[in-house]
Amino acid sequence: MSKAEHPNIPELPEDGVLTLSEYLAMQRAIGEETRYRVLAELLREGELSASELAESLDSPSNRLHYHLDKLVDVGLVANRKRRERGTDGLYSYYVATALGEAIMTHGVSELIAEERELLQRYG
């Protein structure tokens, strides 16, 4: 097939901020079901603590920390630490980044929508 037959295959911009390896690391991170569910929940609910995420996803908090760290490492989720009024210490809250939103909107969501369309058309 020629290049003209696949016009939607993106090429990295020459002056891009992210490398191909970084894009692929994001894809690998979101390819794991727990991390996908974590990112989806953060996009639905906004900023949440690990405890709130564990409760809403019905998953042990200690297991989620591993997945949250992976999502933070690749830039799909941000970890914001803040003080709570009347308490000592900092508390971590997690929020989806713009990259996290983009990968869900223009990655997984587009694939799901395309599958629905194909099933309606041919199923």
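Residues numbered from 1 in each chain as written. Predicted model: local features only at pLDDT ≥ 70, side-chain atom pairs only at ≥ 80, totals over all residues. Heavy atoms only, no water.

1. Description of the layout of surface pockets
- When its volume is computed, the largest pocket comes out at roughly 560 Å³.
- If you trace the largest pocket, you find 16 residues lining it, with P10, Y23, Q27, H106 and G107 closest to the centre.
- Looking at the lining of the largest pocket, the elements with two or more residues in it are α1 (20–30) and α5 (98–122).
- Tallying contributions element by element places α5 first for the lining of the largest pocket, with 8 residues.
- Of the residues that constitute the lining of the largest pocket, the class distribution is 10 nonpolar, 3 polar and 3 charged. (1 Å grid on protein atoms, 1.4 Å probe; cavity = no way out; pocket = protein on both sides within 12 Å on 5 of 7 lines; lining within 4 Å. Points joined across faces, edges and corners; volume = space filled by probe spheres on them. Helix = DSSP H or I, 4+ residues; strand = E, 2+ residues; numbered from the N terminus. Nonpolar A, V, L, I, M, F, W, Y, C, P; charged D, E, K, R; others polar.)

2. Examining the sheet that holds strand β2 (residues 77–83)
- Read across the sheet, 3 strands follow the order β1-β3-β2 without closing on themselves; strand pairing throughout is antiparallel. At either end of the open sheet lies a strand with only one pairing partner, and these are β1 (48–49) and β2.
- In terms of strand pairing, β2 meets strand β3 (residues 90–96) through 7 bridges, oriented antiparallel. From the neighbouring strand, R82 faces β3, where its bridge partner is Y91.
- Where helix α4 (residues 61–73) meets the sheet, its contacts fall on β2 and β3, and the angle it forms with β2 comes to roughly 110 degrees. (Pairing = 2+ DSSP bridges. Contact = heavy atoms within 4.5 Å. Axes fitted to C-alpha atoms, helices over the stretch in contact; angles between N-to-C directions.)

3. Structural notes on the side chain of S49
- Among the structural elements, S49 can be located in strand β1.
- Accessibility expressed as a relative area gives 13% for S49, which makes it buried.
- Excluding residues that lie within four positions of it along the chain, S49 makes contacts with S92, Y93 and Y94. (Buried < 20%, exposed > 50% of the residue type's maximum accessible area, 1.4 Å probe, protein only.)

4. Considerations on helix α3 (residues 50–57)
- Turning to α3, its buried residues are A50, L53, A54 and L57. What you see down the axis of α3 is that its buried residues fit within an arc of 100 degrees, all on one side. Among the exposed residues of α3, those oriented more than 90 degrees off its buried face are S51 and E55.
- If you follow the buried residues of α3, they end up packed against α2 (33–45), β1, α4 and β3.
- Phi turns positive, to about 50 degrees, at D58, one or two residues after α3. (Arc of directions from axis to C-beta.)

Remember that the coordinates give geometry; whether it matters functionally is a separate question.
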